[in-house]
Amino acid sequence: MNGAHLAFRAQPDVSIDADYVVVGSGSGGSAAAIVLARAGYRVVIVEAGAWRDAADYPETMLGVMRDLFPDWGANVATGDSILPIVQAQVVGGGTVINSAIMVRTPGDVIEQWDQDHGLGDVLDHRRMGAALDEIASELHVTDTRVDVTHFGENNQRLLDGLTHLGLDTHPTLRNVRGCQASARCLQGCRHSAKQAAHEGWIPEVMSLGGAVLSCAPVTRICRKNGVAIGVKGRFRHPQTRKKGAHFRVQAKRGVLMAASATGTAPLLQRSGIALPALGRFWRAHPGAGIIGVYPDEVDLYHGATQGTASIAHRMAHGLKLESLALPLELVAGRTGGAGTQLTRRLQDIRHQAMWVSAVRAEAEGTVKAGLFGGVRVRYRPTIRDLKKLRIGSAVLAKAHFDQGARAVRPGIVGLPFEIGPDEVHLIEEAPLDNRAWTWVLSHLFGGAVMGSDPERSVVGPDLHVRGARQLHVVDASVLPTTLGVNPQHTIMAVAQIIARRLANSDHTRHHGA
Amino acid sequence: MVVLLKWVLAALFPSVDGLIGLDSANLSAPLQRLSKEATLTFRLGLYLSAFAFIFSPIVTLGWPLPALWLGRSALDRHARAMAGHRWYLMRQAMLMLKTVGGAIWGADPAVRGQLGYAPYGHDPGTFRSDHRVDVVSQPQVNP
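Keep in mind it's a predicted model, so treat the numbers as computed, not measured.

Spanning 14 residues, helix α5 (residues 125-138) of chain A covers 20 Å between terminal C-alpha atoms, matching the ideal 20 Å at 1.5 Å per step. Just downstream of α5 of chain A lies His 140 of chain A, where phi reads positive at about 60°.

We now examine the interface of chain B and chain A. The partner chain A presents 72 residues to the 60 residues of chain B that form the contact. Carbon and sulfur atoms supply 58% of the area that chain B and chain A bury against each other, a total of about 5,700 Å² over both sides. It is Tyr 117, Phe 127 and Arg 128 of chain B that lose the most area in chain B upon contact with chain A, and together they represent 13% of the buried surface on that side. In this structure, the connection of chain B to chain A is made through four salt bridges. Of the charged contacts in the structure, one is a salt bridge between Arg 344 of chain A and Asp 17 of chain B, with a shortest N-O distance of 2.8 Å. Applying the counting rule to chain B against chain A returns 26 residue pairs in polar contact (both at pLDDT 80 or more). Tallied by class, residues from the side of chain B that touches chain A come to 31 nonpolar, 16 polar and 13 charged.

We now examine the packing of aromatic side chains. Applying the stated criterion across every chain yields a total of eight aromatic pairs over all chains. A ring pair is formed by Phe 13 of chain B and Trp 105 of chain B, whose centres lie 6.1 Å apart and whose planes are at 25°; its orientation type is stacked. Of the two residues, Phe 13 of chain B sits in the loop between α1 (2-12) and α2 (28-37) while Trp 105 of chain B sits in helix α6 (residues 88-107), which places them 92 residues apart along the sequence. For the pair Phe 13 of chain B and Trp 105 of chain B, a shared accessibility class is recorded, and that class is buried. The side chain of Arg 345 of chain A reaches across the aromatic face of Phe 417 of chain A, ending 3.4 Å from its centre.

Per-residue confidence for chain B gives a mean pLDDT of 90; residues scoring 70 or more make up 92%. With a pTM of 0.94, the predicted complex shows an ipTM of 0.92.

Here we come to the packing of α1 of chain B against α2 of chain B. Residue and element names in this part refer to chain B. Where α1 contacts α2, the axes come no closer than 10 Å and their chain directions differ by 125°. Taken together, the axis directions place α1 and α2 in an arrangement best described as oblique. Regarding α1 and α2, the two cross each other, and that crossing is right-handed. Here Val 2, Leu 5, Lys 6 and Leu 9 of α1 come into contact with α2, specifically with Ser 28, Leu 31, Gln 32 and Ser 35. Here the residues of the contact of α1 with α2 are counted per class, giving four nonpolar, three polar and one charged.

This next bit is on the pattern of salt bridges. This model, assessed by the stated rule, comprises 36 salt bridges over all chains. Close ionic contact of Arg 66 of chain A with Glu 37 of chain B constitutes a salt bridge, the shortest N to O distance being 2.9 Å. With Arg 66 of chain A in helix α2 (residues 61-67) and Glu 37 of chain B in helix α2, the pair connects residues from two separate chains. Where Asp 385 of chain A meets Lys 388 of chain A, a salt bridge forms, and the shortest distance between an N and an O atom there is 4.0 Å. You can see Asp 385 of chain A and its partner Lys 388 of chain A sitting in helix α12 (residues 383-402), three residues apart, about one turn around the helix. Among the residues examined, Asp 385 of chain A registers a relative accessible area of 0% and is labelled buried. The structure contains a network of salt bridges with shared partners spanning Arg 52, Arg 66 and Asp 67 of chain A together with Arg 33, Glu 37 and Asp 123 of chain B.

Together, Trp 63, Leu 65, Leu 68 and Trp 69 of chain B line one region of the surface with nonpolar side chains, adding up to about 420 Å² of accessible area. Considering the arrangement of structural elements, one finds Trp 63 of chain B in the loop between α4 (57-60) and α5 (72-83).

Turning our attention to the nonpolar core. The tendency in soluble globular proteins is for nonpolar side chains to be buried side by side. Counting 138 residues, the largest nonpolar core has Val 46, Leu 213, Leu 268, Trp 282 and Leu 471 of chain A as the members making the most contacts within it. Examining the composition of this core, we find that 10 residues originate from one element, helix α14 (residues 488-511) of chain A, more than from any other. In terms of nonpolar packing, the next biggest core, distinct from the first, is built from 68 residues, Val 96 of chain A together with Ala 25, Leu 34 and Ile 104 of chain B among them.

Analysis parameters
Residues numbered from 1 in each chain as written. Chains lettered and ligands numbered in written order. Predicted model: local features only at pLDDT ≥ 70, side-chain atom pairs only at ≥ 80, totals over all residues. Heavy atoms only, no water. Helix = DSSP H or I, 4+ residues; strand = E, 2+ residues; numbered from the N terminus. Expected span 1.5 Å × (residues − 1). Contact = heavy atoms within 4.5 Å. Buried area = accessible area lost by both parts, 1.4 Å probe. Salt bridge = Lys/Arg side-chain N within 4 Å of Asp/Glu carboxyl O. Polar contact = N/O pair within 3.5 Å; in protein donor to acceptor, adjacent residues only side chain to side chain. Nonpolar A, V, L, I, M, F, W, Y, C, P; charged D, E, K, R; others polar. Phe/Tyr/Trp six-rings, centres within 6.5 Å; stacked < 30°, edge-to-face > 60°. Buried < 20%, exposed > 50% of the residue type's maximum accessible area, 1.4 Å probe, protein only. Lys NZ or Arg CZ within 6 Å of the ring centre and 35° of its normal. pLDDT = per-residue confidence, 0-100. Axes fitted to C-alpha atoms, helices over the stretch in contact; angles between N-to-C directions. Parallel < 35°, antiparallel > 145°, perpendicular 65-115°, else oblique. Left-handed = near helix turned anticlockwise from the far one by under 90°. Patch = residues over 30% accessible without salt bridge, like charges linked within 9 Å, V, L, I, M, F, W, Y side chains within 5 Å. Areas by Shrake-Rupley, 256 points an atom, 1.4 Å probe, with all protein chains shown as cover. Core = buried A, V, L, I, M, F, W, Y, C linked by side-chain atoms within 4.5 Å.

Next comes the structure, spelled out in structure tokens:
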């Protein structure tokens, strides 16, 4: 089985031995897997989604919903409103559909982890800094303007607009090589410019003797006398969802969970782990977009998908402001109105620029195993989160007008469809009601958080899931706070630090200090 | 259901001022694909939303008629009223319908051509089957 990739099969059943099994192949799972594989361990990665190469990527949004999102993108969080969750279910996970943005973990976050969660011995500045540096170098993290054929008007106008407002704003840092400016990050990069996990780390794990099981949702972590000894599940056809052969992976050194902030905690619950903090402290960066309509063409779809960002308001207001080229199909679905009014409003799509406020929300939610193998996420942004969003949206509206927009479309229920430069105050006074805003959740954290307090954490500073030996969590579930920046780089760094500790402790145990 | 959905989506994205809407687009193929391939949850949400649209003119216009019987102008007013309705669930039902309608409308080659965007290719729907790579080193814990 060395170097193998096993996809859906109706039969026969599959049984594989490994040193480590990693459940999930996104930024956390792949980052941990490559460290362990390079250290000489046999690693098997198990992924619920299919392995799709660039030539397999869908073109249309319906195809994206079918091929890259779990459950056709119908994952939602519910509270007092319904919030769509943007996640991928494919080999490479979120690294396939994100905008390739890599931001270093802010120093205040590392300090908070130390002071409030007792993680300083593991995730200190030195270790985090070294891991972040190494990953940035390996994945070719560069300024968007350096490695793209066309930066894009959408990005340039946000850069200029926020800079004119006196806010520190910059091109994003991304892990790409030879970006063709097709603004299609969300649909998977057909040019393989994005350094997604299935383009680099995962094939390397295979070349080092590891294996990958795709179309393979894990249903249970197998334990014996409190020790995690592997995982099991059944293959599932990615199109028909028909169940196939059973699979089982025996891992003699341990199980690493990286099934995402919506997948890890429910799987731990289904596997009989019962801890007071499991499924709690679930957090996110909810975001909402605001559109500016310009007299001249902007053309959202020529340039980097998300080329500009500002975290000038991160500390004061918990805000990240960024550009975003949402595909035409999604813009059509999310533009206000219906009937002739809606079609008419879409005629100026080439003149639209779209920018987003992502909120470092204070809200805490829960994630639990649902019925029929599903997941139930309860989450409700707080009034303070809504106030932050109002501030961010108002700043973006001002930036649009600074750049010459003839109107801004706030997309808030209760406000006019379009407002002028004298009406930005309407956004600042917009309803503090989640149902009035079009929130989307894309950065997710928690559910199995790390910490020193057993009542408030699932994973201890020793990196084990409490009460279960050889069971670890290496994805965003473990992060005890939000970040206020894109989490991919942080997730990778934390996963690699944990994996290195595992490799070192195993080595010490088996070969002496 | 496909016929009903076609009618509802065409009402939400009608042609106007020369821009092609879903009333002139090929809806059958994507909707059939959707009814065959989408998850049960997704389809259920979509069908319930379509029913909500059809049976809510009593709420939006005060008319005790299904939307299927409305004239063009009244249907347009119904669609608009439902999209901005004060009841959150009504707006959510419209969001579901508009998400699917928008996905089909924005991918239609004629629409894309009119807006100056290149047409999409087909969705291959393929994925990597079993595959083996050359192993450059056998696993062996580094000393």
